[in-house]
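# Topology and contacts: notes
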Amino acid sequence: MGRWTGPKGPTPRVTWLPWPSPPSQQGGEMGRPAEPYGTPAPVGTTAEPGLIADLIARIPWPHWALITIAAVASVLIVCYLLCVLCCRRRHHRRRPRDKEAVGLGSARSSTTAHLVQPEVGDVESGPEGPQQWGRLQLSLQYDSGSQQITVGLKQAVDLRARGPGGTADPYACVSLPTQAGHRHETKVHRGTLSPVFDETFCFHVPPAELPQATLQVQLWDFRRFSRHEPLGELSLPLGAVDLRHVLELWQQLGPPGTAEAELTGELCCSLRYVPGPGRLTVVVLEARGLSPGLAEPYVKVQLVLNQRKWKKRKTSARKGTAAPSFNEAFTFLLPFTQIQSVDLVLAVWARGPRLRAEPVGKVALGARASGQPLQHWADMLAHARRPVTQWHRLRPPREVEQALALQPRLRLPLPGS
């Protein structure tokens, strides 16, 4: 058997080709993992669309934690912006005060301290001059045929507050000193220093008395549980004005004079009305400001029906005091149909120098009253079954009697009275 001998020539060379690597290892070296697809692009180049998702995927926190952090950061940014806006607004509001303070500091050295913070009486409200007590607008009209003068109170402006609250509850009292018993009061206006009255009052004045007559208007600050404070006063001589035509005047109010309440005193009482059974309860609480020379003061409570004296009660006397405390209650049967025809008269009596009981002062409440007594009566009806307490200034007895125009007493029997 013979041996085969191949063709003679050069020996062939075998070349080994590398096996293609998988996609995950392309672009890398042998034995080293390739870089991920989301490799950040160099600065200045355009990032691939999956950049943000890849960044989030690299953070080893759960998705709910990332959302919470983003929400808290948003809230903090909003709060910061709001604080900046509020600080800017406060800064703008304080600018006028800063300018004013600079202006005061640049004043001349001769300026005294009371010019920087003047007293209340030195304040000027306008170019016309000092307006310490305010102004009053009123109208006057005289009818020679009926011999009546009509006084119309329009309004008051720039009143001076006497209380710490910077406001007042003003009302006005109109009277002619030559006519005792003819005194009128306006309604109480709450929380204002410029009340609008729009009320009219009539006085009978013969032509011969006009030159000597003087119209007096007093403005008071109403206080339910304390002494009323005077706000200003106007005294207008009627002989100094021309009453042949209708006049409308602005008058400057002056300082208040001696208050009549200081001479006659004040009385505090409580009213309660129950419409169903028709029961009126009057509680006489206390009095104050009475004359020290009076002895054993007491209070008479009287009902007047259709201008006739009807029922009356009285408290016990108190000795040795100008501010007696009574705290006594009286109940009257008063049907609701007669509530508009009844006047309640409270009178303080005491023994004077003549050693006999004399009336010191009176106050009349009811539908025919005016001013604060009428307001007290209206509050009682508006708040049925609830006691309403108020202080009242005592009037001269003759003045109240003339205002009531009482007729001879007539006894009217009522069931259950």
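Only a predicted model underlies this, so the values are computations on that prediction, with no experimental measurement involved.

The rules behind these values
- Residues numbered from 1 in each chain as written.
- Predicted model: local features only at pLDDT ≥ 70, side-chain atom pairs only at ≥ 80, totals over all residues.
- Heavy atoms only, no water.
- Helix = DSSP H or I, 4+ residues; strand = E, 2+ residues; numbered from the N terminus.
- Contact = heavy atoms within 4.5 Å.
- Pairing = 2+ DSSP bridges.
- Axes fitted to C-alpha atoms, helices over the stretch in contact; angles between N-to-C directions.

## Thoughts on the overall build of the protein chain
On a plain count of helices and strands, the protein chain comes out with six helices and 16 strands. Sequence separation of at least 24 residues holds for 64% of the intrachain contacts in the protein chain that already meet a minimum separation of 6.

## Looking at the sheet that holds strand β3 (residues 170-175)
Read from one edge of the open sheet, four strands run β4-β3-β6-β7, paired in antiparallel fashion. Because the sheet does not close on itself, it has two edges, and the strands there are β4 (183-185) and β7 (229-237). Neighbouring strand axes in the sheet, compared pairwise and without regard to direction, differ in orientation by 15° on average. Here eight bridges tie strand β6 (residues 214-221) to β7, and the two strands are oriented antiparallel to one another. Bridge assignment links Val 217 to a residue of β7, and that residue is Leu 234.

## Brief notes about the pairing of strand β1 (residues 135-143)
By the bridge criterion, nine bridges tie β1 to strand β2 (residues 148-157) in an arrangement that is antiparallel. Considered in β2, the bridge of Arg 135 is made with Val 157. Between β1 and β2, which pair antiparallel and follow one another directly, the connecting turn spans four residues, one of which, Gln 147, has a positive phi of 55°. Direction of pairing for β1 relative to strand β8 (residues 247-252): antiparallel, over a ladder of six bridges. Following the sheet pairing, Ser 139 is matched in β8 by Glu 248.

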